[in-house]
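Read off the chains here:
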Amino acid sequence: APSVVALFIVCMTYSKEERKDYFTRCFNLKRMTLKWTIWTTLFWTINAVIGLVIAVGILKYPMPEMKWLHLMLSKPYLLPVMILLSIVSGPLNEEFGWRGYALDRLFCKFGFIKGALVLGFIWGIWHLPWYFTPGQAQYLMAQTSLWDSILFIISTMMLSVVVAFVYIQTNRSILAGAYVHMSSNFLTSQLLADYSQQTATILRYVSIGMCLCVMIYTLMSQKFAERYEKVTTYKK
């Protein structure tokens, strides 16, 4: 729904030049840059490693089964299929709307941090139907812990800040924002599954902590503030 609605609005209300800019930001690899691709991949890899060290090494929770990772190692040719599934399961369905359409408008109204957090809250509660859908991770959270259910929304809000951070650093690249979303899902969830609810909670705490570090940087960095003012040109 987020992507379909946003694409409909863009096609119906944007001028030709605005549509060209929008789709360029969706698909142009140059805006994304190798630097931010590597940064994003390392960020979520470190997140997963720290989470496993705490959950398995320190707290002695069961080791995740890592079915996707084992499959990828035994049959590397399936990696493109796994990445495609990861793209379809989140970024493709959502990012044309969240970062592609909504984020700039929220920046205009609230500024960087508040805008990213408001979008993250909307993004989090958009998952509410999954709390009532057996088989979904959110359903398991709701069955076992009210706090874990709330923590998911908090973690989504913090993830939104990191996506917005990369979005600004890549000159408002919607593709780069989608890559942050995809790599978060792929590296900290899908490659590790199946894993216990306790491990999921630890991974979520680590994610919140790392995202909080990024948020603090955006608040303190004059360089980032200048970058934000330079690239946020949407004024409608």
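Scroll up to find the structure.
Residues numbered from 1 in each chain as written. Predicted model: local features only at pLDDT ≥ 70, side-chain atom pairs only at ≥ 80, totals over all residues. Heavy atoms only, no water.

Enquirer: Quick rundown of the overall build of the chain? Include the residues and the values.
Expert: For the chain, the count of helices and strands is 14 helices and zero strands. Moving toward the C terminus, one meets the helices and strands of the chain in the order α-α-α-α-α-α-α-α-α-α-α-α-α-α. For the chain, the C-alpha radius of gyration of 18 Å lies close to 18 Å, the compact-globule estimate for 236 residues. Referenced to the eigenvectors of the C-alpha coordinate spread, the extents of the chain come out at roughly 55 × 40 × 35 Å. (Helix = DSSP H or I, 4+ residues; strand = E, 2+ residues; numbered from the N terminus. Rg over C-alpha atoms; globule rule 2.2 N^0.38 Å.)

Enquirer: So what about the packing of helix α4 (residues 34–58) against helix α13 (residues 197–220)? Which residues, and what values?
Expert: Axis separation between α4 and α13 bottoms out at 9 Å; the angle between their running directions is 135°. Taken as axis vectors, α4 and α13 run oblique relative to one another. For α4 against α13, the interelement crossing comes out right-handed. Taken together, the residues of α13 that come into contact with α4 (itself represented by Trp39, Phe43, Trp44, Ile46, Asn47, Ala48, Ile50, Gly51, Leu52, Ile54 and Ala55) are Thr199, Ile202, Leu203, Val206, Ser207, Met210, Cys211 and Val214. When the residues that make up the contact of α4 with α13 are grouped by side-chain class, the tally is 15 nonpolar, four polar and no charged. (Axes fitted to C-alpha atoms, helices over the stretch in contact; angles between N-to-C directions. Parallel < 35°, antiparallel > 145°, perpendicular 65-115°, else oblique. Left-handed = near helix turned anticlockwise from the far one by under 90°. Contact = heavy atoms within 4.5 Å. Nonpolar A, V, L, I, M, F, W, Y, C, P; charged D, E, K, R; others polar.)

Enquirer: Tell me what's going on with the packing of α4 against helix α12 (residues 174–190), and back it up with residues and numbers.
Expert: Where α4 meets α12, the closest approach of the two axes is 9 Å, and the angle between their N-to-C directions is 30°. Between α4 and α12, the angle falls in the class roughly parallel. Here the hand of the crossing between α4 and α12 comes out right-handed. Residue-level contacts link Thr37, Thr40, Thr41, Trp44, Thr45, Asn47 and Ala48 of α4 to Tyr179, Val180, Ser183, Ser184, Leu187 and Thr188 of α12. When the residues that make up the contact of α4 with α12 are grouped by side-chain class, the tally is five nonpolar, eight polar and no charged.

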